[in-house]
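Remarks on the overall topology
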Amino acid sequence: MADSRAAEGGAQGAEVDVVVVGAGFSGLYLLHKLRGLGLRVRVLEAADDVGGTWYWNRYPGARCDIPTTDYTFSFDPDLETAWTWSEKYATQPEILRYAQFVAERYDLRRDIDFNTRVEAAHWDAAANQWRIRTSTDASLSARFCIMASGCLSVPKAPEITGASRFQGDVYFTSRWPHQGVDFTGQRVAVIGTGSSGIQSIPLIAEQAAQLTVFQRTPNYSIPAGNGPVAPARRAPLEADRAGYRQAAKLSRAGVPNEPTQIYGRYSQPALQAERFEAAWQTGELIPILGVFADQILFPDSNAIVAGKVREKIRAVVQDPETAELLCPKDHHIGTKRPCLDTGYYQTFNRPNVRLVDLRTRPIASITETGIDLADETMAFDAIVYATGFDAMTGAIVAVDITGRDGITLKQKWAAGPITYLGLMSAGFPNFFTITGPGSPSVLSNMMVSIEQHVDWVSDCLVRLRADGLTTIEPTPAAEAAWMVHSNDCAAITLFPSADSWYMGANVPGKPRVFLPYVGGVDAYRKACDDVAVRGDLGLHRSGPAGERCNDGVVRQLQPDVGMVLDMLAAMNLPTFNSMSAEAARAFMDQLSAARPPGPAVGETLDGTLPGASPGSGPLNYRLYRPATPGPHPVVVYFHGGGWVLGSHDSDDPLCRDLCRRSGCLIVSVDYRHAPEARFPAAADDGSAAVRWVSAHLADLGGAPGPVAVAGWSAGANVAAVTCQQLRDNGGPAIAGQLLLTPVTDCDMATPSYQDNAEGYVLTAPLMQWFWDHYADPADRAHPKASPLRAASLANLPPACIVTCQFDPLRDEGVAYAKALAAAGNRVQHIPARGHTHTSLTMVDVVVSGEPVRAEMAAALHGFFQRVAVAA
Ligand SMILES: Cc1cc2nc3c(=O)[nH]c(=O)nc-3n(C[C@H](O)[C@H](O)[C@H](O)COP(=O)(O)OP(=O)(O)OC[C@H]3O[C@@H](n4cnc5c(N)ncnc54)[C@H](O)[C@@H]3O)c2cc1C
């Protein structure tokens, strides 16, 4: 039920098409854009002027930390040329002047109510209107309500005992007095060393008689190297302004940047140092966050960069104890917003500056005259709080937003924000958030993200109007799937490991969820565009022209799988099935050479063993021995490649990974290939190899006892068939079978074949090509080719079967798991959500495969544990 005061209309009781909350850059561009569509728009702003962030944050040293060349509107080419930034990183006054310039240029102020805080917005379902109530007791009705209320606009209250007792001057960096502050001769405390603290501390230190900095968490900061924009940095923009802006839109973080393919964990120290130093010299955050391709994925790679930043800090700060306190060690670089500074670390060499580490010396209380620690009383004339914001959700849930059926957004978001694309929330019709949680927002150049959101919302309203519809909201299924996707993106990075404001960790009681979308500005834009192009996918729309619900999910692939597929599509590679077997093998070798090598193991040894056909010569194998003390249980592994392609080289990273994680010795065997050796050569070689390995365990340095078998794709077919053959032909016993996306049947008419016939690397035509090379149609139903068709599936070794959602072979893997279980075998089935036939083998590239590979390794480990227990 809508609040009566809000619903009945107040003094003005005006009705508009759109109410926009906030007159920062988001609100300004919204107003301009929506006005252009002929909509009646009213912007409500708590401050007495435009600018948002740059209106409120007037502390000394306040600047942007994305180069101003990039942190600027691009929607109007004439605006771009009408304004010139004076510095690489403009100051707050200059950015505020820019916001004012924009407001004047487009005559925006006439539609903005200043000094007006929105307190409530209630959806009136009967009237299809939002009823808005403000601090001025005005009320307003609008068909659409858009929160442009800022990601970092609600300061976090300091939770320090006695804060209200202090009789001296108190300042918040985010609510700085407009007339400025003169600290000359004063004893000043600054609490907080996030970006605002790091920017303001050097300037406050220059004025104050004494400055004491209270630090809870040291941050990584790099010198901004501010000054006029370097000609080399300006050149690409000046050469092709439109192209430069387009590149920003299609970049990962909203600033044109060519991401590296170099992995820190596999690069040499000299290259590591060279890349770090080059990034450091740019004085920009994006290069320092992208020194290596795997920097935000793996702790060891991240540690290289973090360690080098710490070296820089130690080189500047003269007192070693202070230097150590300033060195961040509790989080990976980039998992909290890193800072840019001008002389921050040098400030701690000044005689009037000292650092207090709150981790070891917490504040006992703030008193009338200063700050008490357990062992020291300090007197201050002024305290500056640089304690950050209730980020991303604070300003939205501060408003009493009530949607359909009286549900408030605060209730809905009690365990963390739930949005579709960070733009909308189910149950809240005609309600949008600009740079809301679930969108790239604070992980990007926000000007690019703001423009993208405003453009998307206005296009959405245009479509709605064109279709004769008046209300829009996401479906619960689409929204839930977006949250899954957004969480998938975060889960493959190191971000969730830090107690950051990205995680809501700085606000007591705030749910710990990763708030922004970390998949990148480029991937995000593509998802939003897909939603529009695919007929407003995941959106329920209604109005005079009827009801249209296009329920569906825009992203189901794991994010890194999607990236790999996009990359492959962009490369426009020839298909294997368009080549001869020989050419396809050479091409596969070429692809294998370009990937990360996979983790180190204790030892690898190449050797040969006799195959099933003495006449065709020995089979190559590669042995992987764990670094741990042996002897280790032994696994015989068969590579993938459709019985035609592949070798121990092609599956080398996967074998390394399995060896390392499982603690098993892996013997990866090259069985004979078709078409030179057709069915049942591969299957027969499988049995021969397992017999030979089982008989030579001591020679190989393996533990006595039964071996396990494992394989991927056609190799998993060989492994499954081998288990059946050895069961029927006198052994040896097998401890277990690990089958990754196995070929178990020749039926190519399953739903998974139909749904995933194209687009996921292993295509239906390629599988047809494999079958044609391997076996005559008459042989394909034989259990040595289609193990699912064995007369009996009883008494087989315990199995772990992994199937992937977007794999033509998914259904036959599922069927084999079910059939094995029905026949009384122990079976673990791992359905890998969002994965393809090939993605789980992409060690160090598809990080989302790690949990599945960990389960696979645990299954191997488990096979041998069960054998040991049984013995
Ligand atoms: C110190 C600082 C430096 C930053 N530097 C960068 C940078 O270099 N690069 C970058 O990309 N981003 C930076 N940001 C992020 C910055 O917030 C965005 O770049 C951008 O300015 C956000 O614009 P906005 O209009 O979305 O929100 P804001 O600028 O925050 O504006 C929101 C407005 O909404 C108003 N408001 C909120 N709630 C209500 C309500 N209930 N009723 C009425 N009005 C309301 C607020 O008063 C505010 O004016 C920085 C942020 C801070 C705090």
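For the structure, see preceding data.
Details of the packing of helix α2 (residues 25-36) against helix α16 (residues 446-466)
- Axis separation between α2 and α16 bottoms out at 10 Å; the angle between their running directions is 35°. Both α2 and α16 take part in a crossing whose hand is right-handed. On the side of α2, the interface is formed by F25, S26, Y29, L30, K33 and L34, while α16 contributes M447, I450, E451, V454, D455, S458 and L461.
- Per-class residue counts for the contact of α2 with α16 are eight nonpolar, two polar and three charged.

With respect to the sheet that holds strand β12 (residues 353-357)
- Pairing within the open sheet is parallel, and its five strands lie in the order β7-β16-β8-β9-β12. Looking at the sheet topology across the chains shown, the edges are occupied by β7 (169-172) and β12. Neighbouring strand axes in the sheet, compared pairwise and without regard to direction, differ in orientation by 20° on average.
- Summarising the sheet, strand β9 (residues 210-215) and β12 pair through five bridges and their orientation is parallel. Across the sheet, residue T212 finds its bridge partner in β12, namely R354.
- Each of β8 (187-191), β9, β12 and β16 (382-385) touches helix α6 (residues 195-207); the most contacted strand, β9, lies at about 155° to it.

A word on the pairing of strand β14 (residues 370-373)
- In this structure, strand β13 (residues 363-366) lies alongside β14, joined through three bridges in antiparallel fashion. In the sheet register, I363 faces β14, and the bridge partner there is L373.
- Linkage of β13 to β14, two consecutive antiparallel strands, is achieved through a turn of three residues.
- Pairing analysis gives three bridges linking β14 to strand β15 (residues 377-379), with the strands arranged antiparallel. Paired with I371 across the strands is M378, a residue of β15.
- Linking β14 to β15, which pair antiparallel, is a turn of three residues.

About the thresholds
Residues numbered from 1 in each chain as written. Predicted model: local features only at pLDDT ≥ 70, side-chain atom pairs only at ≥ 80, totals over all residues. Heavy atoms only, no water. Axes fitted to C-alpha atoms, helices over the stretch in contact; angles between N-to-C directions. Helix = DSSP H or I, 4+ residues; strand = E, 2+ residues; numbered from the N terminus. Left-handed = near helix turned anticlockwise from the far one by under 90°. Contact = heavy atoms within 4.5 Å. Nonpolar A, V, L, I, M, F, W, Y, C, P; charged D, E, K, R; others polar. Pairing = 2+ DSSP bridges.

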